Amino acid sequence: MKQLTLICMTVASLALLSGCGDKPKSEAAKYKYSAAEVYKETCLHCHGNKGEGNPEKKAPAINKQSIQELEMSLFDIKNGGLGQSTASEHEVMEHNMKKLAEKGYDYDIKVMASYIFNTFNISK
Amino acid sequence: MKSDKIIEEILGEIEKHEGALSRRDAMKLLAASPIAAGVLAGTATTTEAYASSDAKGKIVIVGGGLAGIATAAKLTNKLSNPDITIIEPNPHSVSYQPGQTLVAAGVWQKSDITYDTANFIPKGAKWIKEMVVSFDPANNKVKTQSGIEVAYDYLVVATGLVLDFASIKGLEGEIMSSASENEVVRKKVGKNGVYSIYFADGAVDTYKGIQELIAKAKAHTGSEKLQALFTDPATAIKCGGAPKKIMYIIHDLLTKAGVRDKVELTFCPSGDKMFGVPEYNDAIFEQFKKRGFKWEFKTNLVAIDTDKKVATFEYKWLEKGEYDEDLKEYTMIPMSKNIEKKYDFIHITPPQKAPDLIGKSPIGSSKGWVPVVKETLQHVTYKNVFAIGDVAALPMAKTGGSARKEYAVLVDNLIAVMEKKEKLPAAYDGYTVCPLITSLGTVMLAEFNWTAKPTPSFPLDPTQERWIWWLLKVYALKPMTIYGMLSGRA
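No experiment lies behind these values; they were computed from the predicted model shown.

**A word on the overall build of chain A**
So, step 1. Across its full length, chain A holds five helices and zero strands.
So, step 2. Each helix and strand of chain A, placed in order from N terminus to C terminus, yields the pattern α-α-α-α-α.
So, step 3. Within chain A, buried positions represent 40% of all 124 residues.
So, step 4. Within chain A, residue pairs in contact and separated by at least 24 positions form 54% of the contacts whose partners lie at least 6 positions apart.

**Some thoughts on the environment of Phe75 of chain A**
So, step 1. Its place among the elements puts Phe75 of chain A in helix 3 (residues 67-79).
So, step 2. The spatial distance from the C-alpha of Phe75 of chain A to the C-alpha of Lys57 of chain A is 21 Å, given a sequence separation of 18 residues.
So, step 3. Those residues in contact with Phe75 of chain A that sit more than four places away from it in its chain are Leu82 and Ile109 of chain A together with Pro395 of chain B.

**So, the sheet that holds strand 13 (residues 299-305) of chain B**
Residues and elements named next belong to chain B.
So, step 1. In space, the three strands of this open sheet follow the order 13-14-15, with antiparallel pairing throughout. Looking at strand neighbours, the two that pair on one side only are strand 13 and strand 15 (329-342), the edges of this open sheet. Strand after strand, the sheet turns through a mean of 25° between neighbouring axes, direction not considered.
So, step 2. Pairing analysis gives 13 bridges linking strand 14 (residues 310-324) to strand 15, with the strands arranged antiparallel. Counted as the bridge partner of Glu319 is Ile333 from strand 15.

**Regarding the packing of helix 2 (residues 35-47) of chain A against helix 5 (residues 109-120) of chain A**
Residues and elements named next belong to chain A.
So, step 1. Taken N-terminus to C-terminus, the directions of helix 2 and helix 5 make an angle of 65°; their axes are 9 Å apart at the nearest point. One way to sum up the angle between helix 2 and helix 5 is to call them roughly perpendicular. Helix-helix and strand crossings are classified by hand; for helix 2 and helix 5 the assignment is right-handed. Facing helix 2, whose interface residues are Ala35, Ala36 and Tyr39, helix 5 presents Val111, Met112 and Tyr115.
So, step 2. Per-class residue counts for the contact of helix 2 with helix 5 are six nonpolar, no polar and no charged.

**Observations regarding the pairing of strand 1 (residues 58-62) of chain B**
Residue and element names in this part refer to chain B.
So, step 1. Taking burial as the measure, the five residues of strand 1 include four buried ones, the bulk of the element.
So, step 2. Pairing analysis gives five bridges linking strand 1 to strand 2 (residues 83-87), with the strands arranged parallel. Its bridge partner lying in strand 2, Val60 is registered against Thr85.
So, step 3. In this fold, strand 1 hands off to helix 4 (residues 66-78), which returns the chain to strand 2; that crossover is right-handed.

**So, the nonpolar core**
All names here are of chain B.
So, step 1. Core analysis: the largest hydrophobic core is formed by 167 residues, its most contacted members being Val157, Val370, Ile388, Val391, Ala392 and Leu486.
So, step 2. Per element, the largest residue contribution to this core is 11 residues, and it comes from helix 11 (residues 467-484).
So, step 3. If we ignore the near neighbours within four places in the chain, the residues touching Ile388 are Ala67, Thr71, Val156, Ala158, Leu377, Ala403, Glu406, Tyr407 and Leu410.

**What to know about helix 3 of chain A**
Residues and elements named next belong to chain A.
So, step 1. With 13 residues, helix 3 extends 18 Å from end C-alpha to end C-alpha; this agrees with the ideal 18 Å at 1.5 Å per step.
So, step 2. Counting buried positions along helix 3 gives 10 out of 13 residues, so the element sits mostly inside the fold.
So, step 3. Among all positions of helix 3, only Leu70, Glu71, Met72, Ser73, Leu74, Phe75, Asp76, Ile77, Lys78 and Asn79 are buried.
So, step 4. Residues of helix 3 that are buried sit in contact with helix 4 (91-102) and helix 5.
So, step 5. Count one or two residues on from helix 3 and you reach Gly80, which has phi positive near 70°.

**What to know about the sheet that holds strand 10 (residues 226-232) of chain B**
Residue and element names in this part refer to chain B.
So, step 1. Strand order across the open sheet formed by five strands is 9-16-10-11-12, with parallel pairing between neighbours. The two strands at the open ends of the sheet, each matched to only one other strand, are strand 9 (194-195) and strand 12 (294-295).
So, step 2. Examined bridge by bridge, strand 10 and strand 11 (residues 263-269) share seven bridges and lie parallel to one another. Looking across to strand 11, one finds that Leu226 is bridged to Val263.

**Points about the environment of Leu327 of chain B**
So, step 1. Inspection of the secondary structure assignment puts Leu327 of chain B in the loop between strand 14 and strand 15.
So, step 2. On the neighbour-count criterion, Leu327 of chain B (16 C-beta atoms within 10 Å) is partly exposed.
So, step 3. Residues contacting Leu327 of chain B, with those up to four places away along its chain left out, are His45 and Asn96 of chain A.

**Overview of the pairing of strand 11 of chain B**
Residue and element names in this part refer to chain B.
So, step 1. Most of strand 11 sits out of view: five of its seven residues are buried.
So, step 2. Following the chain from strand 10 across helix 7 (residues 242-256) to the adjacent parallel strand 11, one finds a crossover that is right-handed.
So, step 3. On the question of chirality, the crossover connecting strand 11 to the parallel strand 12 by way of helix 8 (residues 278-291) is right-handed.

**Some words on helix 7 of chain B**
Along an α-helix, a turn takes 3.6 residues, which lines up residues three or four apart on a common side.
Residues and elements named next belong to chain B.
So, step 1. In a regular helix each residue adds 1.5 Å, so 15 residues correspond to 21 Å; helix 7 covers 21 Å between its end C-alpha atoms and thus fits that length.
So, step 2. When you tally the buried positions in helix 7, you get 12 out of 15 residues, the bulk of the element.
So, step 3. Taken residue by residue, helix 7 has Ala242, Pro243, Lys244, Lys245, Ile246, Met247, Tyr248, Ile249, Ile250, His251, Leu253 and Leu254 as its buried positions.
So, step 4. Backbone geometry just downstream of helix 7 places Gly258 in the positive-phi region, at approximately 75°.

Basis of the calculations
Residues numbered from 1 in each chain as written. Chains lettered and ligands numbered in written order. Predicted model: local features only at pLDDT ≥ 70, side-chain atom pairs only at ≥ 80, totals over all residues. Helix = DSSP H or I, 4+ residues; strand = E, 2+ residues; numbered from the N terminus. Buried ≥ 20, exposed ≤ 12 C-beta atoms within 10 Å, placed from the backbone. Contact = placed C-beta atoms within 7 Å. Pairing = 2+ DSSP bridges. Axes fitted to C-alpha atoms, helices over the stretch in contact; angles between N-to-C directions. Parallel < 35°, antiparallel > 145°, perpendicular 65-115°, else oblique. Left-handed = near helix turned anticlockwise from the far one by under 90°. Nonpolar A, V, L, I, M, F, W, Y, C, P; charged D, E, K, R; others polar. Right-handed = clockwise from strand over helix to strand, strands pointing away. Core = buried A, V, L, I, M, F, W, Y, C linked by C-beta atoms within 7 Å. Expected span 1.5 Å × (residues − 1).

As structure tokens, this is what we get:
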């Protein structure tokens, strides 16, 4: 009988996994500062007034990247990697970002990517 | 009826395994169960769903794996006048890759996961059995190996990714698809203690390799343990759970053979965590501790000497530098050094990349992967081009479970583009699922999305290892994928 129950549950799983009821549940996170404020108070010190970067601080230019590249990079930095367990491609910035987030300088990835792109991109 | 086929397949799977229900009992149960009735009704409704769009245009799908065929099938269901061409050279492109772990475990045979693409090409779709060698999105055409130019109105890129064994010094070759040519790679991988479940033949070899390891452990007398290493590279990989699943399986088989104490199992990933979702990360740490696994973070396999059985890892760390007034923090200096490890058995998760011809083409990106808006799957530059599956530049989404969510989104959005609608109606939220095999008989069903939080489909603690998920993995997911997803219905 135990097996009957289990098979029954397997079928139930099938029903659920087949797509009913798993709507995206996104939570709107609250951030202390706007993307512009975060940029001006933190990012700017290394990535520059115009997003031109600073080789001395090993900060790459971010004024040539597409919005999609910016979004992927920011995801990598904040999530500590693009895969389930892969290392971040931005190990130093991943560390810095953790420190910044502790001080309240956190942001939504999409909002920050579009801020950087719309404010600084030079190829537009 | 497709829904019957799914149930039929589940029954078939159950029958194959000892100790499960008899077919008659299972049938009785399925007939009596309101849940099963729900499944049948649910799939039946979609089976009867008729074309909902009269949009026209020639659609070319490059790549006929799970993602490409599921997309083709759903488009065929939804369009009243579908004009679909699939370009795919591999006759077994739809083979069931998630089963490779089970092949290595000896639960399944290779024949259990091999499927003929010919049986899954949707009715009416054209199949060109060739490889695409160039993309010309400005002129809306692609070119195949034999020089045929195929023009399109809409393009779906679903080529999958490349297993880049050659980027590890000491190994050779690349593998385009799990079921395609692999001779060069197999010169070094699949023998002599070096194994990889990332392709179907490799999984078959791994099963043999595990038996050899068990035999070696039984004969082993020294005080030093045999060393088994498990790698996880610095690139995005398909099925992020697999590098660990194979470790759990080997632990289980060694334990059953009574020789677990003779072998040390060490996980050597390039990253510094077990899983990108904190809840699952914690759960995996506990599972590792319980099993006596070792782990060394930030170690990336860069070279291997298969004769001497020595693997070289690049070990990375950050060192505290000067205080930075601007940052109001100490700067961090990235450091690295190579360390050598002897092994008796090593499971290699190869570095993975987009096919070179994609990366170098106008539809690719500097990192190779096809740049898409991650919610809509539409190409960032070419609005009549979409990408899906492993080749798309999407975070945390190189799994069959992701593709299963992506193709419905892609089809709705592509049809909207075909209908000249301005707004794309569907959005992917990054949902993916990793049925993490933690032993032969238990699975942790790790479901999550881009919020990096667990998103369980069931009212059960998702961090627990359960037999029910093992049943799901072994009996239900394959029929669901092969007969549900590949016909565009589940």
